[in-house]
Amino acid sequence: MVVVMTVKELAEKHGVIKREFHEGAVVLQLPNQTEVYLERTSFGFIIQSYMHLGNTFRFDTITELESEIIAMKGR
């Protein structure tokens, strides 16, 4: 059986949740103090720089989203 992680669970795994929105969308603060908005939509997963709203990326799976979060933690 495959266990699917929610956006909130993913956020808790990688940083501190600063704010929660509808249906599990969150603002996540990474250990390097970067804040990002995470949301699951009907067409995939969204990660958006909370300070620069023009920087938005979409991923098909939560695994791809998690890979981007891990990369951002190193920046």
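Structural data are supplied above this passage.
Please read these numbers as outputs of a predicted model, since none were measured by experiment.

Peer 1: Please explain the sheet that holds strand β1 (residues 16-20) as it appears in this structure.
Peer 2: By definition, the strands of a sheet pair up through backbone hydrogen bonds, in either a parallel or an antiparallel sense. Taken in spatial order, the five strands line up as β1-β2-β3-β4-β5 in an open sheet, and their pairing is antiparallel. Across the chains shown, the open sheet's two edge strands, defined by having one partner strand only, are β1 and β5 (56-59). This sheet shows a mean twist of 25° between the axes of neighbouring strands, independent of strand direction. Pairing analysis gives six bridges linking strand β3 (residues 35-41) to strand β4 (residues 44-49), with the strands arranged antiparallel. Paired with Tyr37 across the strands is Gln48, a residue of β4. The strands that helix α1 (residues 7-14) touches are β1, β2 (26-29), β3 and β4; relative to β2, the one it contacts most, it runs at about 15°. Set on the sheet, helix α2 (residues 62-73) makes contact with β2, β3, β4 and β5; between it and β4 the angle comes to about 20°.

Criteria and cut-off values
Residues numbered from 1 in each chain as written. Predicted model: local features only at pLDDT ≥ 70, side-chain atom pairs only at ≥ 80, totals over all residues. Heavy atoms only, no water. Pairing = 2+ DSSP bridges. Helix = DSSP H or I, 4+ residues; strand = E, 2+ residues; numbered from the N terminus. Axes fitted to C-alpha atoms, helices over the stretch in contact; angles between N-to-C directions. Contact = heavy atoms within 4.5 Å.

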